[in-house]
Amino acid sequence: MDGFLWYNSKLKLIIIFNSGESFMAEKTTYKTRQRDEILRFFTEHRDRCFSARDLIGQVDAGEATVFRALTTLTNEGKLKKFTGGSGESAQYQYNAAGCDLHIHLKCRRCGKLIHMDCPFMENILAHFRSEHAFTVDCGQTVIYGFCGDCTGENQEVHDHE
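This structure is a prediction, so every number in the text was calculated from the model and none was measured.

(A) Highlighting the sheet that holds strand E7 (residues 113-115). A sheet is described by the order of its strands in space; here 3 strands give the open sequence E7-E6-E8, paired in mixed fashion. Edge strands, defined here as strands with exactly one partner in the open sheet, are E7 and strand E8 (142-145). Neighbour-to-neighbour, the strand axes of the sheet open up by a mean angle of 25°, direction not taken into account. Note that strand E6 (residues 104-107) and E7 share 3 bridges and pair antiparallel. Paired with His104 across the strands is His115, a residue of E7.

(B) Layout of the environment of Gln58. Examined against the element boundaries, Gln58 turns out to sit in the loop between helix H2 (52-55) and helix H3 (63-75). With 17 residues separating them along the chain, Gln58 and Phe41 place their C-alpha atoms 8.3 Å apart. For Gln58, the contacting residues outside a window of four places in its chain are Glu37 and Phe41.

(C) Expanded view of unusual backbone geometry. The phi torsion at Ala133 lies on the positive side, around 50°, for a residue other than glycine. Residue position: Ala133 is located in the loop between helix H4 (119-132) and E8. The class of Ala133 is exposed, set by a relative accessible area of 73%.

Scoring rules and cut-offs
Residues numbered from 1 in each chain as written. Predicted model: local features only at pLDDT ≥ 70, side-chain atom pairs only at ≥ 80, totals over all residues. Heavy atoms only, no water. Pairing = 2+ DSSP bridges. Helix = DSSP H or I, 4+ residues; strand = E, 2+ residues; numbered from the N terminus. Axes fitted to C-alpha atoms, helices over the stretch in contact; angles between N-to-C directions. Contact = heavy atoms within 4.5 Å. Buried < 20%, exposed > 50% of the residue type's maximum accessible area, 1.4 Å probe, protein only.

Taken by themselves, the reported measurements are silent on function.
Next up, the structure:
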């Protein structure tokens, strides 16, 4: 046998078989200008979620490059991936420190993502633990609805403060 190459994308592992010997090497993830631009876009829009289609035209990268970069950045933990129901596209958001410690509210109209860092949320999580013996995985929890900007209710909330 002259040799062959085997690549496992999930493990990012390359195994090269050559004349009965094998050599294993970890696949290198290349840092590209397009990937850096996509990450920069997300850091500049931390409170929003975007689909791959949303990014096309916003960044200087082709469709395939955008999809590959989103997968890589998600696997590296730099982006969070949210999947909705009803055939909706996956949405991505910059993964800020502490983002796994609270529930998110996501506006179905504008895509705004609100981080629920308030005492009321702690009460709800405590209720789930004590009354239902259930611990919520906050990093994976998104409540969908409409933000105050989209419903026109945001002014009323600020008027009461």
